[in-house]
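An overview of the molecular structure
Residue-level listing of the chains:
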Amino acid sequence: RIYAMRKQHGEYIYNFIDNYNMKIGKHEVSIPYFENVVDKYPSHAFGHYYLSRCYEKMGKSSLARSHLQKANEIFESNVWWSTLAEEFQVGVVAS
């Protein structure tokens, strides 16, 4: 199933969902990459969502809430992102 999903959506989605540095707890390494994405693509919901998770893990709750709010706004207003969020079980979480 994972292979089929990768083929359908492209590898770039997995830079977020299956991010190695996040998996091993190196959130500070992931942050600059995610920041770069949201700077270039402000409507990149997964960029905001995973950036919020990194900030949360690092105890930066204000930044985490800000990016989570932006991700949730995109999920709620964009069918494509909403569909991906549902498919990859990236849900709206309490902020």
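As shown above, the structure is provided for reference.
So, here is what we can say about the structure in this document. As the structure is a prediction and not an experimental result, all values here were calculated from the model.

This part covers the pattern of salt bridges. Proximity of charged atoms lets side chains of opposite charge pair with each other. For the coordinates displayed, the defined rule picks out 1 salt bridge. Close ionic contact of Asp18 with Lys23 constitutes a salt bridge, the shortest N to O distance being 2.3 Å.

Here we take up the packing of helix α4 (residues 27-40) against helix α5 (residues 45-57). Between two packed helices, what matters for the description is the angle formed by their axes and the separation of those axes. Running from N to C, α4 and α5 point in directions that differ by 150°, and their axes come no closer than 9 Å. By the angle class used here, α4 and α5 are roughly antiparallel. Crossing angle aside, the handedness with which α4 passes α5 is left-handed. On α5, the residues that touch His27, Ser30, Ile31, Phe34, Glu35 and Val38 of α4 are Gly47, His48, Tyr50, Leu51, Cys54, Tyr55 and Lys57. Taken together, the residues that form the contact of α4 with α5 break down as 7 nonpolar, 4 polar and 2 charged.

Parameters at a glance
Residues numbered from 1 in each chain as written. Predicted model: local features only at pLDDT ≥ 70, side-chain atom pairs only at ≥ 80, totals over all residues. Heavy atoms only, no water. Salt bridge = Lys/Arg side-chain N within 4 Å of Asp/Glu carboxyl O. Axes fitted to C-alpha atoms, helices over the stretch in contact; angles between N-to-C directions. Helix = DSSP H or I, 4+ residues; strand = E, 2+ residues; numbered from the N terminus. Parallel < 35°, antiparallel > 145°, perpendicular 65-115°, else oblique. Left-handed = near helix turned anticlockwise from the far one by under 90°. Contact = heavy atoms within 4.5 Å. Nonpolar A, V, L, I, M, F, W, Y, C, P; charged D, E, K, R; others polar.

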